[in-house]
Amino acid sequence: MKVRPDEEYEFGPYRLNINECKLWQGKAEVKLRPKLFDLLVIFVEHQGRMLEKDELIRGLWPDAAVDDNNLTVHIHDLRATLNDGVYIETVSKRGYRFLPEVKVVRPAPNNGRNTDLIEPPGGALPLHSILYISRSSDDEFCNALERHDSIVLVKGARQIGKTSLMARGLEAARMVGARTSLIDFQHFGSEEFESSRKLLAAMAELIAYHVDPDLSPHTQWNERLSPSSNFERFLRRQVLSEGDTYFVLALDEVDRLFKHHYASEIFGLFRSWHNLRALDPGGPWHRLTIAIAYATEAHLFISDLNQSPFNVGTRLKLDDFNRAQLCELNERYRGPLVDSDEIDRFHRLVGGHPYLSQRGLYEICKHNFSLSSLELRCDHEDGPFGDHLGRLRISLERDEQLLHELRNFLVSESKPSHAAFYRLRSAGVFSGDTAEEPRLRCNLYAQYLRKHLV
């Protein structure tokens, strides 16, 4: 059976909605972690066929080395969720088989692409979006939260999917009883950034709102103490006070902190909580995980390594989509790229950039473009990527030195300075591991930047 996102499937008392990523038992929704949902979809798609363990592992973790134990845990969890005594059969020493009859209960409306199902790209993808492509970093992030790691660093260029990844990890943590708070520093205005006192007070208020609206951190603030001490006391006394409470504090767009003079005070506070796990083993710090998402190279701004949370904990790096992931995204858009040649051309054009991949496929589907039409108009100011490219150029033109080094690279391929390379990579313009091997992230950027900057 070929599973389609715009169809619903029924087995036993359950109804599976692929497009909304939801499972229902009667009128009640059955909550599934993203990876368990993916496992159920694989079983439904291959109903009645014995699936080898290696085949299941490749389907669930295409880009990660995972052993049988991890699969066994997920099978056990799915069985427990379904109250399953009969659905998933174990084939001794080989694999598993999904036994119940599966019926299609809502056929697709037509044989063409149904554009009503396509959500416009931009910002974080909704939790249950069928268009979200899981990468190996998704599992690594969820595993770090399950281990209760002290600090989890999520690094990647802008618009690569850091916020979407963290949202899914936090949802999985909430489903096993954790309390969570996601703070996006983009939402703070200039007033909150005036001082560490104002910023930490604003953060405390947001955390209180997320975990327990009855908390009032400002009533506990002691002006005789430093802002860091007040914030730490708030966490210890009001958020981590219960003996079995596990709390995940997720911080997005922390790059906005780097330019402020008090940044080392706040980052040093995060680092101190990591150290307190060893220094204060009876304290609550083993029940706190801080997840930090950022794009800019932290070492360009933080000189004291002993005050930095960026050289400890678990480090995850988000990469662009590879070809297989782009193929999967194309399938979820119901195949606007019709063959292997078009997949390769599109991959060269956008380089696996998650947002540009979404935008390009959306434009092809929504406006019935051909790939050739998209390629002809891709670098136009009023073209399908015009808004994105215009914002990129304006951002570059604000920094004369950075713009000068980029122009030199575009004209003569001269290597930029280390600082310029890392900043351009953080901005998503360059890819490559070091300043010795700089390259533009995709052909679209090469065309547009040479057209407008050279």
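From a predicted model like this one, the values you see are computed outputs, not experimental measurements.

## Regarding empty space enclosed by the protein
In step 1: In this structure the tally under the stated criterion is two cavities of 30 Å³ or more.
In step 2: Taken as a whole, the second largest cavity spans an internal volume of roughly 40 Å³.
In step 3: In terms of lining, the second largest cavity is formed by Ser 150, Ile 151, Phe 270, Trp 273, His 274, Arg 277, Trp 285, Leu 288 and Ile 290.
In step 4: Elements supplying a minimum of two residues to the lining of the second largest cavity: helix 10 (263-279) and strand 12 (288-294).
In step 5: With four residues, the top contributor of residues to the lining of the second largest cavity is helix 10.

## Let's talk about the packing of aromatic side chains
In step 1: In this structure the tally under the stated criterion is 20 aromatic pairs.
In step 2: Both rings, one in Phe 270 and one in Trp 273, keep their centres 5.7 Å apart while their planes meet at 45°; by these two values the pair is tilted. Remark: Trp 273 and Phe 270 occur in helix 10; sequence separation between them is three residues, near one turn of the helix. Taken as a pair, Phe 270 and Trp 273 share a single burial class, namely buried.

## What about the sheet that holds strand 5 (residues 50-52)?
In step 1: Here we have three strands laid out as an open sheet, ordered 5-7-6, and antiparallel in their pairing. Of all strands in the sheet, those bounded by a partner on one side alone are strand 5 and strand 6 (88-91). This sheet shows a mean twist of 30° between the axes of neighbouring strands, independent of strand direction.
In step 2: When strand 5 meets strand 7 (residues 95-98), the two strands line up antiparallel, connected through three bridges. The partner of Glu 52 across the bridge, within strand 7, is Gly 95.
In step 3: In the packing of helix 1 (residues 34-45) onto the sheet, the strands contacted are strand 5, strand 6 and strand 7, and the crossing angle to strand 7 comes to about 70°.

## Here's the deal with helix 6 (residues 196-211)
In step 1: The terminal C-alpha atoms of helix 6, which comprises 16 residues, lie 22 Å apart, in line with the 22 Å expected from a rise of 1.5 Å per residue.
In step 2: Of all the residues in helix 6, the buried ones are Ser 196, Leu 199, Leu 200, Ala 202, Met 203, Ala 204, Ile 207, Ala 208 and Val 211.

## Let's talk about the packing of helix 16 (residues 400-412) against helix 18 (residues 443-453)
In step 1: Remark: helix 16 packs on helix 18, axes separated minimally by 11 Å, with the N-to-C direction vectors making an angle of 110°. Taken together, the axes of helix 16 and helix 18 lie roughly perpendicular to each other. Facing helix 16, whose interface residues are Leu 403, Leu 406, Arg 407 and Leu 410, helix 18 presents Leu 449, Arg 450 and Leu 453.
In step 2: Across the contact of helix 16 with helix 18, the residue classes tally to five nonpolar, no polar and two charged.

## With respect to the pairing of strand 9 (residues 151-155)
In step 1: Across the five residues of strand 9, five count as buried, placing the element largely inside the fold.
In step 2: Going residue by residue along strand 9, you find Ile 151, Leu 153 and Lys 155 tucked away on one face and Val 152 and Val 154 tucked away on the opposite face as well.
In step 3: Strand direction decides the pairing type here: strand 9 and strand 12, joined by five bridges, are parallel. Considered in strand 12, the bridge of Val 154 is made with Ala 293.
In step 4: Pairing between strand 9 and strand 13 (residues 314-317): four bridges, direction parallel. When the bridges of strand 13 are listed, Leu 153 appears paired with Arg 315.

## Section: the confidence of the model for the chain
In step 1: The pLDDT averaged across the chain works out to 88; a share of 94% of its residues lies at or above 70.
In step 2: Below a pLDDT of 50 lies the segment residues 107-114, which in the model reaches 20 contacts outside its immediate sequence neighbourhood of four places, other chains included.

## Topic: the packing of helix 1 against helix 2 (residues 53-60)
In step 1: Running from N to C, helix 1 and helix 2 cross one another at 130°; their axes reach a closest spacing of 10 Å. It follows that helix 1 is oblique to helix 2 by the angle criterion. As helix 1 packs across helix 2, the resulting crossing turns out to be right-handed. Contact residues: Lys 35, Asp 38, Leu 39, Ile 42 and Phe 43 in helix 1; Leu 56, Gly 59 and Leu 60 in helix 2.

Quick notes on the rules
Residues numbered from 1 in each chain as written. Predicted model: local features only at pLDDT ≥ 70, side-chain atom pairs only at ≥ 80, totals over all residues. Heavy atoms only, no water. 1 Å grid on protein atoms, 1.4 Å probe; cavity = no way out; pocket = protein on both sides within 12 Å on 5 of 7 lines; lining within 4 Å. Points joined across faces, edges and corners; volume = space filled by probe spheres on them. Helix = DSSP H or I, 4+ residues; strand = E, 2+ residues; numbered from the N terminus. Phe/Tyr/Trp six-rings, centres within 6.5 Å; stacked < 30°, edge-to-face > 60°. Buried < 20%, exposed > 50% of the residue type's maximum accessible area, 1.4 Å probe, protein only. Pairing = 2+ DSSP bridges. Axes fitted to C-alpha atoms, helices over the stretch in contact; angles between N-to-C directions. Contact = heavy atoms within 4.5 Å. Expected span 1.5 Å × (residues − 1). Parallel < 35°, antiparallel > 145°, perpendicular 65-115°, else oblique. Nonpolar A, V, L, I, M, F, W, Y, C, P; charged D, E, K, R; others polar. pLDDT = per-residue confidence, 0-100. Left-handed = near helix turned anticlockwise from the far one by under 90°.

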